[in-house]
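Summary of the model geometry
Chain by chain, the residues run as shown.
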Amino acid sequence: MALDAAKQSLRGSDRVHIAAENTAPQGEGERRHRHRRESSGATDVRAIATAQLATVVSALRRRKWPLIVCAVTIPLIAFVVMKQVTPRYTAEGSAIYEPSNYQAQELQSVLREDPMTDAVMASQVEIVRGLSVAERLVDRYKLYDRPEFNWTLRPPNPLVQGWYLVRDALFAVFDPVSPSLAAVFAPPVPAAPPSPDDVRHSVIQSVQDAITVEALRLSHVLSIKFTSTDPKLSAEVVNTIMDLYITDQLADKFNAVRKANTWLESRAQELRKETQSIEDRIAEYKARTGLFQGVTAGLDTEQISRMQLDLVTARSDLAQAEANLDAARGRKGAAAQAAVSQSVVQMRAQQDTVRAQLQGLLSRLGPNHPDVIALRRQLAELSGAVGGEVGRAVAATAAQVNAARARVNQIEENLKVAQSQVDKNNQALIPLNAMQRDADASRTLLQAVLSRIQQMAQQNAIEKPDARVISTALPPAEPSFPKIKILLPAAILFGLLFGLMVVYLLEISDSTFRTGADVRAVLGLPCFALVPVVRPRLLGRIRMEDYVVRKPLSPFAEQIRALRAGLWLDSVQPKVVAITAARPAEAKTTTAMALGRSAAMNGERVVVLDCDVRQPSFGRLMRAEHSRGIVDYLLGQAGIEEIVRRDRLTPLDYIPAGTSKANSLGLFMSDAMLQCLDQLRAEYDLVLLDAPPVFAMTDARIISRIADATLLCVRWRETPRSVVSHSLDLLDEADARVIGVSLTRVDPRVHGRSGYSDSEVYHPRYGGYYRE
């Protein structure tokens, strides 16, 4: 609302600026226009922000009590509840998980850990808070006997007990009267008590729920917490959990090592037996097949090797003997022949010498010379001797050749026999080799197992746990729940936020008129006055209708005068004004009477007509019951002079509704009504028509139509906007001229603290202008 007012004021300032610029020189005017337009834009933003802030502040001022109640009540309730709650303490310790590496391959299948990942740490978290740990904690600390974990030991809830009493009482009341209704409140059949196993499982589950384990991000640290009503117990339990975690790791490792050793030893024993069995079978097979190993190979192989060497030697000797034989027979050169026999060589040398001498003598002496004949005879003797010696050498060499050839044949025969035996032995070696391979494999496995057993005995890391404690738990000094230092400020903040939300909901759900700005924004009509309600303390014994006369300097009288000023300032300055409202109890009659009396006290000639013929009030207010009035006049049963009456306190004239009961709609639409108004318009300065509510009777639209103007009374913070808007639509359809609105029954104190722009009229600073 304040925002709309600010915008209207800004538009008015823009019009003033434009008017001033039109009077300035053109060049200077353009510069001023541009400068003021820029400054006006900045002013608009600041004014809008200021108006928005003012709207928020005014809303908080108007709704301060809901805000205060929420801001105080919610923290107070939270504080009381936190004091009633049994405090719970959470102790915290931490351990680091650092798995060791294991060299023994057999243990890696049991003890090897995966690479450190989130999944591994999550697994460790579940191991720490496992049911086995919780069960051992229950047994060690006797948590079965503590009510915080054993629900069967807790005292009954007072609220539940109270409900049981109420239920039993209702059943006793309704059972004799209505059995069907009593069945609703019938006590249920008592359930069977839980078994000890069920209670124990429940306690273990409660203890497990009290354990909290978290893996700290980007680390191998496990944060272990336990919550209990006993701070000392919570610290002891956390330390016990870490000890159990570490000892369980060692126990698991020792069990794994023991199982691995047992398996390895049994496996070694099996391999020994298997190796011994294979070796026995190999020995038996060798003995049965005659297969024995020599120094470098088998016996058959060694024999063949020796035969092959003998065969080579025999063949060499045979070749040498054959060469000697050929030499002896003269098939080779002189050098070879010389190798046959030394005597043959000497004789052949002599033979050559003699032959040379013979040739020399033949050339000198002739063939018949005695010396030549002697040399020929000597040469023949030498040839005979050489032939005999050569024959003897050939016979001896031939014997050697035959012997050598026989030895070669024998060796070759023996070699064939040995080779056949080797082939037989090779066939027999196939299963022997298979058994030998099995034996080698068993010996290799046995050696590997024995080596692993030795490595396990020397592995020191196997005796170390994978986790260690880095921070033991201490008894907490302050409870973890409820955290009063945190929850109480949070409750205060929540109370403020909740209060602001309540204020916001109240503001958006309030569809009534709270200020004149609402009237102008919603209805597009001016708000002439904010007529206050007079408190009983100020009213005293004065009747409300007489208050404007008895207290002419009061705020109430001043607003009535403001209402008269609003009518007078209208461009038409209407004389006949219809005063109506959307619905009853809008203070329209009080407003009409007070406006008439105030104008009369100011020297105006004023007459007020009670046109609400179904609910007439002038006779009661003016103590003129059963007097003739406007209905009697319109029916022709009385003249105008007979129905006009004078107020006992002021020069005001009034006309009551009358005593006759007739169709008022037809009467107000008659020519007599128009003639009456013409006559009153001529005699009085102001004619006020107190019309019925617009929604109650059609008379209001007729009266508003024949009047010069219509004033609509709206009850402050009571009448919905939709109702008022619809009443204006009805009046518009009747072609009534509604010139303004009067907000009635305004609470000065509340409106003065609301922060609206028109609440200034009720500010205490103006107290010197009024006299209550």
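Predicted model only: the values in this text are computed from it and were never measured. Think of each chain on its own: its residues are numbered from 1, step by step along the sequence as written. Where totals are concerned, whole chains, interfaces and linings use all residues; where local detail is concerned, this predicted model gives features only for residues with pLDDT of at least 70, and gives and counts side-chain atom pairs only at 80 or more. No hydrogens and no water enter the side-chain calculation; it runs on all heavy atoms of the structure.

1. Let's talk about the overall build of the protein
Think of it this way: any DSSP run of H or I at least four residues long counts as a helix, any run of E at least two long counts as a strand, and we number them from the N terminus. Along the backbone of the protein there are 28 helices and 12 strands. For the exposure calls, accessible area comes from a 1.4 Å probe over protein chains only, and a residue counts as buried if that area is under 20% of its type's maximum, exposed if over 50%, partly exposed in between. A total of 772 residues make up the protein; the buried ones form 39% of that total. The contacts in the protein between residues at least 6 apart in sequence include a share of 79% that link residues at least 24 apart. Using a 1.4 Å probe, the Shrake-Rupley method yields the accessible areas, and only the shown protein chains count as cover for residues. Per element, the accessible surface of the protein, about 42,900 Å² overall, is 56% carbon and sulfur. Here a residue-residue contact requires only that any non-hydrogen atoms of the pair lie within 4.5 Å.

2. Focus: the packing of helix H6 (residues 131-141) against helix H10 (residues 231-289)
Lines fitted to the C-alpha atoms define the axes, with helices restricted to the stretch that makes contact. Angles between their N-to-C directions range from 0 to 180 degrees. At their nearest, the axes of H6 and H10 sit 11 Å apart, and the two run at 130 degrees to each other. Judged by the angle between their axes, H6 and H10 are oblique. H10 is crossed by H6, and the crossing has right-handed handedness. Seen from H6, the contacting residues are Val-133, Arg-136, Leu-137, Arg-140 and Tyr-141; seen from H10, they are Leu-233, Glu-236, Val-237, Thr-240, Ile-241, Leu-244 and Asp-248. Every angle not falling under 35 degrees, over 145, or within 65 to 115 is termed oblique; those three ranges are roughly parallel, roughly antiparallel and roughly perpendicular. What makes a crossing left-handed is the near helix being turned counterclockwise from the far one by less than a right angle; a clockwise turn instead makes it right-handed.

3. Some remarks on the environment of Ala-323
Note on placement: Ala-323 falls in helix H11 (residues 299-328). Residue class for Ala-323 comes out partly exposed when judged on its relative accessible area of 35%. The spatial distance from the C-alpha of Ala-323 to the C-alpha of Val-401 is 9.2 Å, given a sequence separation of 78 residues.

4. Here we look at the packing of aromatic side chains
What counts as a ring pair is set by centres within 6.5 Å for rings of Phe, Tyr and Trp (its six-membered ring), and what kind of pair is set by the plane angle: stacked under 30 degrees, edge-to-face over 60, tilted for all other angles. Following the criterion strictly, the structure yields five aromatic pairs and no others. Ring centres of Phe-494 and Phe-498 lie 5.9 Å apart, and the angle between their planes is 25 degrees; this geometry places the pair in the stacked category. With Phe-494 and Phe-498 both in helix H15 (residues 484-509), this residue pair falls four residues apart, about one helical turn. Judged by its relative accessible area of 48%, Phe-494 is partly exposed. In this scheme, Lys NZ or Arg CZ marks a charge over a ring once it lies within 6 Å of the ring centre and within 35 degrees of the ring normal. A cation over a ring is seen here: Arg-721 above Phe-513, with NZ or CZ 5.8 Å from the ring centre.

5. Quick word on the sheet that holds strand S1 (residues 89-97)
Strand order in the open sheet formed by four strands is S2-S3-S1-S4, with antiparallel pairing between adjacent strands. Whereas interior strands pair on both sides, the edge strands pair on one side only; in this sheet they are strand S2 (211-215) and strand S4 (467-471). When the angles between neighbouring strand axes are averaged without regard to direction, this sheet yields 30 degrees. Both S1 and S4 contribute to a ladder of four bridges, which runs antiparallel. Paired with Ala-95 across the bridge in S4 is Val-469. Across the sheet, H10 touches S1, S2, strand S3 (221-228) and S4, and the angle it forms with S1 is around 20 degrees. If DSSP finds at least two bridges between two strands, the strands pair.

6. Quick word on a positive patch on the surface
On the surface, a cluster of positive charge is contributed by Arg-61, Arg-537, Arg-749 and Arg-753. Structurally, Arg-61 is set in helix H2 (residues 26-62). Note on Arg-61: relative accessible area 42%, which makes it partly exposed. Each patch groups residues whose relative accessible area exceeds 30% and which form no salt bridge, using 9 Å between like charges and 5 Å between nonpolar side chains of Val, Leu, Ile, Met, Phe, Trp and Tyr. Any carboxyl oxygen of Asp or Glu that lies within 4 Å of a side-chain nitrogen of Lys or Arg is treated as forming a salt bridge with it. All tallies of charge rest on Lys and Arg as positive and Asp and Glu as negative; His and the ends of each chain are not included. By convention, charge coordinates are those of NZ in Lys, CZ in Arg, CG in Asp, or CD in Glu.

7. Observations regarding helix H19 (residues 555-568)
Between its terminal C-alpha atoms H19 stretches 20 Å, which fits the 20 Å expected from 14 residues at 1.5 Å a residue. Taken together, the buried positions of H19 are Pro-555, Phe-556, Ala-557, Gln-559, Ile-560, Leu-563, Arg-564, Gly-566 and Leu-567. The span one expects for a helix is its residue count, reduced by one, times 1.5 Å.

8. Observations regarding the pattern of salt bridges
In a structure, side chains of opposite charge can pair up when their charged atoms sit close to one another. Taken as a whole and judged by the stated rule, the model has 33 salt bridges. Where Glu-148 meets Arg-146, a salt bridge forms, and the shortest distance between an N and an O atom there is 3.3 Å. For Asp-690, the salt bridge goes to Lys-588, with nearest N and O atoms at 3.0 Å. With Asp-690 in strand S10 (residues 686-690) and Lys-588 in helix H20 (residues 588-601), the pair connects residues that are 102 residues apart, well separated along the chain. You'll find Asp-690 and Lys-588 in the same group, each marked buried.

9. Considerations on the sheet that holds strand S12 (residues 738-746)
An order of S5-S12-S11-S6-S10-S7-S9-S8 is seen for the eight strands of this open sheet, with the pairing classed as mixed. Both edges of this open sheet fall to strand S5 (527-532) and strand S8 (645-646), since each of them pairs with a single strand only. Sheet topology places strand S6 (residues 576-581) next to S10; four bridges connect them, and they run parallel. Paired with Val-576 across the bridge in S10 is Val-687. Packed on one face of the sheet, H20 meets S6, strand S7 (606-610), S10, strand S11 (709-715) and S12 and runs near 165 degrees to S10. In this fold helix H26 (residues 699-706) packs onto S6, S10 and S11, with an angle of close to 155 degrees to the strand it touches most, S6.

10. Structural notes on the state of the cysteines
Disulfides are defined in this document as cysteine sulfur pairs within 2.5 Å. Going through the model one piece at a time under the given rule, you end up with zero disulfides. In this model Cys-611 remains outside any disulfide bridge; the closest cysteine sulfur is found in Cys-676, 8.6 Å from its own. A residue is classified by how much of its surface remains accessible, and Cys-611, at 0% relative accessible area, is buried.

11. Observations regarding the nonpolar core
Core analysis: the biggest nonpolar cluster contains 35 residues, and Phe-556, Val-577, Ile-579, Leu-595, Val-606 and Leu-688 have the highest contact counts within it. Mapped by element, the contributors of at least two residues to this core are S5, helix H18 (547-550), H19, S6, H20, S7, S10 and S11. In this structure Val-606 touches Gly-596, Ala-599, Ala-600, Leu-652, Asp-653, Tyr-684, Leu-686 and Leu-688, once residues within four positions along its chain are discounted. For our purposes a nonpolar core is just a set of buried Ala, Val, Leu, Ile, Met, Phe, Trp, Tyr and Cys residues, chained together by side-chain atoms within 4.5 Å. Counting residues in hydrophobic clusters, the runner-up holds 34 residues, among them Ala-91, Phe-149, Val-199 and Ile-246.

12. Side note on the pairing of S2
Across five bridges, the pairing between S2 and S3 is antiparallel. Looking at S3, one finds that Thr-212 is bridged to Lys-225. The turn joining S2 and S3, which pair antiparallel and follow one another in sequence, is formed by five residues; a positive phi near 60 degrees is taken by Leu-218.

13. Focus: unusual backbone geometry
Here the bond from Phe-481 into Pro-482 is cis, since omega is -5 degrees, no more than 30 degrees from zero. Along the polypeptide, Pro-482 turns up in the loop between S4 and H15. Despite not being glycine, Arg-717 has its phi angle at roughly 55 degrees, a positive value. Tracing the backbone shows Arg-717 in the loop between S11 and helix H27 (721-733). Its relative accessible area of 26% is what places Arg-717 among the partly exposed residues.

14. Examining the environment of Leu-530
With respect to the helices, strands and loops of the structure, Leu-530 is situated in strand S5. Between the C-alpha atom of Leu-530 and that of Glu-558, which follows or precedes it by 28 residues, the distance is 9.8 Å. Excluding residues that lie within four positions of it along the chain, Leu-530 makes contacts with Gly-516, Gln-559, Leu-743, Val-746, His-751, Asp-758 and Tyr-762.

15. Concerning helix H25 (residues 671-683)
For H25, which comprises 13 residues, the first-to-last C-alpha distance of 19 Å matches the rise-based estimate of 18 Å (1.5 Å per residue) to within 8%. Residues of H25 that are buried include every one of Met-673, Cys-676, Leu-677 and Leu-680, and no others. Down the axis, H25 shows its buried residues gathered within 95 degrees of arc, on one side only. Residues of H25 that are exposed and point more than 90 degrees away from the buried face comprise Asp-671, Gln-675 and Ala-682. The reported arc concerns the directions from the helix axis to the C-beta atoms and nothing else.

16. Looking at a negative patch on the surface
Where like charges cluster on the molecular surface, the negative patch consists of Asp-729, Asp-732, Glu-733 and Asp-735. The exposure class of Asp-735 is exposed, given its relative accessible area of 53%.

17. A closer look at the side chain of Ser-94
Looking at where Ser-94 falls in the secondary structure, it is placed in strand S1. If near-sequence neighbours (up to four positions away) are discounted, Ser-94 is found in contact with Val-221, Leu-222, Met-242, Val-469, Ile-470 and Ser-471.

18. Here's the deal with the pairing of S5
Burial of S5 is extensive: six of the six residues sit out of reach of the surface. Taken together, the four bridges between S5 and S12 define a ladder with parallel strand orientation. Bridging from a neighbouring strand, Ala-529 pairs with Ser-742 of S12.

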